[in-house]
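Spelled out, the chains give:
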Amino acid sequence: MNRRAVWKTFPQHPARDRTLIDAVLAAHREILRTSMSGMPGLNSSLDVRERAFRHIDGWGVLLVLTPWMLVRLLFPDDPPAIELPAGWSAEERRSAEYTVLGPRLEFELMGQSQWAHLNYHRDLGHYLLQPICLDVAPYHNAEAVFAAWDQIIDIRDANMEQAKRDCPLQKEVSRREFFGRWISSDE
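Residues numbered from 1 in each chain as written. Predicted model: local features only at pLDDT ≥ 70, side-chain atom pairs only at ≥ 80, totals over all residues. Heavy atoms only, no water.

(A) Focus on the side chain of D77. Among the structural elements, D77 can be located in the loop between β3 (69-76) and α2 (90-93). Overall, the relative accessible area of 17% leaves D77 in the buried class. Side-chain polar atoms of D77 contact the side chain of R16, separated by 3.1 Å. Contacts of D77, omitting those with residues within four sequence positions, involve T9, Q12, R16, H55, G58, W59 and G60. (Helix = DSSP H or I, 4+ residues; strand = E, 2+ residues; numbered from the N terminus. Buried < 20%, exposed > 50% of the residue type's maximum accessible area, 1.4 Å probe, protein only. Polar contact = N/O pair within 3.5 Å; in protein donor to acceptor, adjacent residues only side chain to side chain. Contact = heavy atoms within 4.5 Å.)

As structure tokens, this is what we get:
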């Protein structure tokens, strides 16, 4: 019998948002100490930080900066109707090595088709990762990374305005992602 693998989601409870953020930071610090330790291209002047946590269409969404990438992570509130590829059940991934970019999946968010990479961590469950910058080595500090992303958002918004196009997900993400960019994630 071929049974479909089920998404393992981060547990629901009253303090889920803060607990999820703390778990994401702890998991990526662990990944840095273990799987990424000694890897070429790591930027030792960057630490693990999060920005702009919010809820969008049944997903907890946040930006995460690490010494190896800047990404948007999406955590489903409930198991989504996205089929897990072979080899990506929680049981199969529990002891697997860290994968920066898992299989690429298509899903819908805010009425638009999106692409993201499936990931799994034993403490986080299944989640989606949308890469923003996979080479953060040139940046001197976290503020420089977020300033570069802010500039990209400004250019994109200007181009969309000029073309009279609309992208609700990006607008929702853009407005909130940088309100807290100067506030330490440890506060």
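Still more ground to cover, so stick around.
(B) Focus on helix α1 (residues 16-33). For α1, spanning 18 residues, the distance from its first C-alpha to its last is 25 Å, which sits close to the expected 26 Å at 1.5 Å a residue. When α1 is considered as a whole, its buried residues turn out to be R16, L20, I21, A23, V24, L25, A27, H28, E30 and I31. Of the surrounding secondary structure, the elements contacted by the buried residues of α1 are β1 (49-56), β2 (59-66), β3, β5 (112-121) and β6 (125-133). (Expected span 1.5 Å × (residues − 1).)

(C) Local environment of the environment of E97. Of note, E97 is situated in the loop between α2 and β4 (104-109). For E97 and I31, which are 66 residues apart along the polypeptide, the C-alpha to C-alpha distance reads 9.9 Å.

(D) Up close: the pairing of β4. On β4, burial follows the alternation: L105, F107 and L109 on one face are buried, whereas R104, E106 and E108 on the facing-out side are not. Connecting β4 to the next strand, β5, in antiparallel fashion are 2 residues, including M110 with a positive phi near 55°. (Pairing = 2+ DSSP bridges.)

(E) Seen up close, the nonpolar core. With 22 residues, the main nonpolar core has V24, L62, L73, F75 and L124 as its most contacted residues. Mapped by element, the contributors of at least two residues to this core are α1, β2, β3 and β6. The element that contributes the greatest number of residues to this core is α1, accounting for 7 residues. Look past the residues within four positions of L124 in its chain and what remains in contact with it is T9, F10, A23, V24, A27 and F75. (Core = buried A, V, L, I, M, F, W, Y, C linked by side-chain atoms within 4.5 Å.)

(F) Layout of the packing of aromatic side chains. In the structure shown here, the tally under the stated rule is 4 aromatic pairs. Measuring from ring centre to ring centre gives 5.6 Å for W59 and F107, while their planes differ by 50°; the resulting arrangement is tilted. Within this pair, whereas W59 is found in strand β2, its partner F107 is found in strand β4, the two being separated by 48 residues in sequence. Relative accessible area serves as the criterion here: at 5%, W59 is assigned to the buried category. Take F107: its relative accessible area is 6%, and that puts it in the buried class. One aromatic cluster is present, built from ring pairs that chain together W7, W59 and F107. Here R93 stacks its cationic end above the ring of W88, 3.8 Å away from the centre of that ring. One residue, R104, lies across the ring of W115, its end atom 4.1 Å from the ring centre. (Phe/Tyr/Trp six-rings, centres within 6.5 Å; stacked < 30°, edge-to-face > 60°. Lys NZ or Arg CZ within 6 Å of the ring centre and 35° of its normal.)

(G) Main features of unusual backbone geometry. At A52, a residue that is not glycine, the phi angle is positive and equals roughly 60°. By the element assignment, A52 lies in strand β1. Residues other than glycine seldom take positive phi values, yet M110 does so here, at roughly 55°. Classification of M110 by relative accessible area gives partly exposed; the value is 28%.

Shape descriptors only; they carry no functional weight alone.
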